[in-house]
Structure formats: structure tokens, C-alpha cells
Amino acid sequence: MADVILVLNAGSSSIKFSAFDAESQDLALVLRGQIEGLFSAPRFLAFDQSGEQLGVKEWGAAARLEHESAIAYIGEFLRSHRGGNRLIAVGHRVVHGGRHFTQPALATTEVLDELDKLAPLAPLHQVHNLKPIRIIATQNPAMPQVACFDTAFHATQGELAYAFALPESITSRGVRRYGFHGLSYEYIAKALPHISPEAANGRTVVAHLGNGASMCAMLGGRSVASTMGFTAVDGLPMGTRCGNLDPGVILYLFDELGMNAREVEDLVYRRSGLLGVSGISSDMRTLLASDDARARFAIELYTYRIGRELGSLVAALDGLDALVFTAGIGERSAEIRRRVAEKARWCGIELDENANAADGPRISAASSKVGVWVIPTNEELMIARHTRNLIGAH
Ligand code: ADP
């Protein structure tokens, strides 16, 4: 019977899970999967480390599955899988750690109470991230649980990078830039010394381009600036989020269009970005395959804005030694990387076309002044590592 660490990433209607062998030195993946559509047509899928399907279950179109039952199902599947596994700890992805949680933390009741207070700073994620922690604490109070924060990696940023130009009466309440996708950036920072010492030690911009998207400027592997700010809606346009927006637009939506706060929230988080601009889809593959002029414009805007943000981060770093692409679009779309690189020729970036088509790892030409890399991220493994470290196992 193997000791495993379970990693959960819970959203409003889905729970992603991965289990890692806590006895293997590099935390080998045992299985991973998800339950999606919790409140309409729930569906469980699990795969082994090589992508072979291990299990599938559907509850029917009319069924609803509460988070409690979903977690119990995942736990039972894990315990009974292949001769049985013994769950020794659970690590959770928690989007916001606020000012105080700059390291992963054991999820005690006091910690959870503090984290609850950050819900308004991440309205789409925080409550859902915390829910499974409380459920497991009730079902199994002795189980060690660790909360790992998407903000924590950015705690090294200086005051200038995180300050808003607002009065202190506002900023003293924690209204500042935090930055997100920190578990992904931390994984990349830890991987870089093995891949490119120059990128690990130098001035590096990492572009995490998934459904959510952001970029991080790192100096010697530490975050010095990022495109996401107070919330995860800032910075680059994303699948459905708008990214940077003049605050005057929000006032216009309130005053002239009569929208309320929830309607604006829905607009900027769920109806904007690639989906909003194209009117077709939030999925980059669909847009790249489309001949529609709106799809083309959405992609143009996406890469233009990445180029602009890259310029800003290069200024924050006072130069650039390496650029790293990661997450769904960054890892798999040679076309998007090509377009971004084209807009970044001014800073000495030249791609090797063949290496780019093959998804790297190094995709810059020998003559490029900046090393360009494709590095697959692994936020779940990062959470498992933190969890093992914090519970002091093995
Ligand atoms: P999440 O942020 O939800 O973890 P991912 O990192 O998986 O998401 O990224 C999802 C995005 O990656 C989607 O826009 C999807 O279209 C895009 N993507 C995945 N594979 C490809 C591909 N081969 N070419 C272009 N885009 C891709």
C-alpha cells in the first residue's frame, strides 16, 4: 500500500485532482483527473501517469453533485485504486494569500478564517478553493492539509512594483498589486537551473498563457513584477477576462449603461477576452482554426497586448536574457509563440522555426540575443512538494 499526497484544485463547478507517491523522491504521479459539471451532468474521469484512462463515471444530465460527495468519491477511488493507497496529506491550490500568507501554510481553522476574509479579492476562486479544505477537515480532522497560494511567489516584489497610486487610506486596506499564477512561476523558477543557468540567474520573463494568462518578470528566479495585480482580471486579455482596463470604463458602465457591480464582474471575468472580442470562443484552438475576421482580430489583440506587456516587464528588469513560454497556449501553440516573438524582435529575440514547431525546449535561434524556451509547467507537483515539506514526511 503506497503513501500518497492528494492535490486538489477546486473551482465553482469542477474539482481537479492529482495524487503523488509520497515515498518516491521526486513525487511520481500516481493518477490525476477531475470531476466536472458538478451541478449539471457531473462526470468523473481519472488517468494514470501515462494518460491511460483509469476510470469514468457519469451521474446523468439531471444529477447534481455537492462538493462533499465529489470529494468523498475522489477519496474512495484513490483508496481503492490498484491494491489501495494510503492518503497521508492533502495539498490545495488557493488563489489568494493576501499580505500575510507569503508561504504555504497548514490549513488550521484559524488560517481558514483568515483566508475566508480574502474572498472579495478573488470572487471567482477563493470560496471554491477553500470549500474542500473545510469538508475534509470535517470528514477527517486528523488529515494534514496544506494551502498553497498563487500570490505567494510574488511576495519578493518591491514596494514600487506592487503600489497603486492611490491614497494611503485605501492602500492600507491591502489594495495593492499581488500577482497570481505563482505556483506555475515557482515551478518554472525551480526548473530553470537545470535547463538554462543563464535564464535561472538572469533577467527572465515567463509568459503563462492558459485560459488565465499572465507574465512575470524574474531576476535570479525571484519575482520582481507581474501583469496581474489586485485580482486575476488584470494584465493580459485571457480566455474570458479582459485584462488591463481603464478604470474610467468601469465608471462609464455604472453611470451610462446602468450596470451594477455583479454585472460588471460578469462582463470583465466571463464575457470578455478572446471570447468577448471574437464573439466566437474563448478557446485559442478554435480561434486559430477560424477564418472569421473577429477571430483574427481577437488573436491580433492578444499577441499585441503580450508584446506591450513584455516591453513593460523588460523595462522593470532593465533588459532581458530569457523568455519562457508555458501553460496550454504557451506550451502548444507554435503560431502564437511565433507572433509574440515577431513583436519582440526589438529586444533581440529571434526564433528557430523548426525548434518552435517542435515545441522546444529551446526555440531561439543561435543568433538570438535572448534565449527563448518552452517549459511545461506543473502547478500540481509544486503543491505536492510544498505539502510534503510542510508535513515533514519523508
Ligand atoms: P488552464 O488555464 O485552464 O489550466 P490551459 O493551461 O490548459 O488552461 O490552457 C488552455 C488554453 O490552451 C486554451 O485556450 C486552449 O485552446 C489552448 N491550447 C491547448 N492546446 C493548444 C494548441 N495545440 N494550440 C493552441 N492552443 C492550445
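Residues numbered from 1 in each chain as written. Predicted model: local features only at pLDDT ≥ 70, side-chain atom pairs only at ≥ 80, totals over all residues. Heavy atoms only, no water.

### Some details on the packing of aromatic side chains
Part 1 of the argument: Scanning the entire structure with this criterion turns up six aromatic pairs.
Part 2 of the argument: Between F101 and F149, the ring centres sit 5.3 Å apart and the planes meet at 35°, which makes this aromatic pair tilted. Here the residue F101 occupies a position in the loop between β6 (85-94) and β7 (105-106), and F149 occupies one in strand β8 (residues 145-149), the gap between them amounting to 48 residues.
Part 3 of the argument: On the basis of relative accessible area, F101 is assigned to the buried category, the value being 15%.
Part 4 of the argument: Here the aromatic residues F17, F44, W59, Y73 and F77 are joined through ring pairs into a cluster of three or more.
Part 5 of the argument: The ring of W59 is capped by K57, whose NZ or CZ atom sits 5.2 Å from the centre of that ring.
Part 6 of the argument: The ring of Y162 has R176 lying over it, and the distance from NZ or CZ to the ring centre is 3.8 Å. (Phe/Tyr/Trp six-rings, centres within 6.5 Å; stacked < 30°, edge-to-face > 60°. Helix = DSSP H or I, 4+ residues; strand = E, 2+ residues; numbered from the N terminus. Buried < 20%, exposed > 50% of the residue type's maximum accessible area, 1.4 Å probe, protein only. Lys NZ or Arg CZ within 6 Å of the ring centre and 35° of its normal.)

### Considerations on unusual backbone geometry
Part 1 of the argument: In this structure, P361 follows G360 across a cis peptide bond, with omega equal to 15°.
Part 2 of the argument: In this model, D359 sits at a positive phi of 65°, which is unusual for a non-glycine residue.
Part 3 of the argument: Looking at the secondary structure, you find D359 in the loop between α15 (353-357) and β13 (371-374).

### Comments concerning the sheet that holds β6
Part 1 of the argument: Across the sheet, which stays open at both edges, the eight strands sit in the order β5-β4-β3-β2-β1-β6-β8-β7 with mixed pairing between neighbours. Edge positions in the sheet fall to β5 (53-58) and β7, since each has one partner strand and no second.
Part 2 of the argument: With six bridges joining them, strand β3 (residues 29-36) and strand β4 (residues 43-48) adopt antiparallel strand pairing. Paired with R32 across the bridge in β4 is F47.
Part 3 of the argument: Set on the sheet, helix α16 (residues 379-391) makes contact with β1 (2-10), β2 (15-21), β6, β7 and β8; between it and β6 the angle comes to about 115°. (Pairing = 2+ DSSP bridges. Contact = heavy atoms within 4.5 Å. Axes fitted to C-alpha atoms, helices over the stretch in contact; angles between N-to-C directions.)

### A closer look at the pattern of salt bridges
Part 1 of the argument: On inspection of all chains with the given rule, the structure shows 24 salt bridges.
Part 2 of the argument: Residue R203 is joined to D321 by a salt bridge in which the shortest nitrogen-to-oxygen separation is 3.1 Å. On the criterion of sequence distance, the pair formed by R203 in strand β9 (residues 203-209) and D321 in the loop between α12 (293-317) and β12 (322-326) is long-range, its members being 118 residues apart.
Part 3 of the argument: On the basis of relative accessible area, D321 is assigned to the buried category, the value being 15%.
Part 4 of the argument: When salt bridges that share partners are traced, they join E300, E335, R338, R339, E342 and K343 into one network. (Salt bridge = Lys/Arg side-chain N within 4 Å of Asp/Glu carboxyl O.)

### Quick word on the site of the ligand
Part 1 of the argument: Neighbouring the ligand are 13 residues; N211, D283, M284, R285 and G328 lie closest to it.
Part 2 of the argument: With respect to the ligand, the side chain of D283 contributes an N or O atom lying 2.4 Å from an oxygen atom.
Part 3 of the argument: Within the backbone of G328, one N or O atom sits 2.9 Å away from an oxygen atom of the ligand.
Part 4 of the argument: Its free accessible area being 580 Å², the ligand has 74% of it covered by the protein chains.
Part 5 of the argument: Elements with a minimum of two residues in the shell around the ligand: α11 (284-288) and α13 (327-332). (Near = heavy atom within 4 Å. Polar contact = N/O pair within 3.5 Å; in protein donor to acceptor, adjacent residues only side chain to side chain. Areas by Shrake-Rupley, 256 points an atom, 1.4 Å probe, with all protein chains shown as cover.)

### Describing the packing of helix α1 (residues 67-80) against helix α3 (residues 126-139)
Part 1 of the argument: Packing of α1 against α3 leaves a shortest axis separation of 10 Å and a crossing angle of 70°. Between α1 and α3, the angle is such that the two are roughly perpendicular. The chirality of how α1 crosses α3 is right-handed. Across the interface between the two elements, H67, E68 and I71 of α1 pack against K131, P132, I135, I136 and Q139 of α3. (Parallel < 35°, antiparallel > 145°, perpendicular 65-115°, else oblique. Left-handed = near helix turned anticlockwise from the far one by under 90°.)

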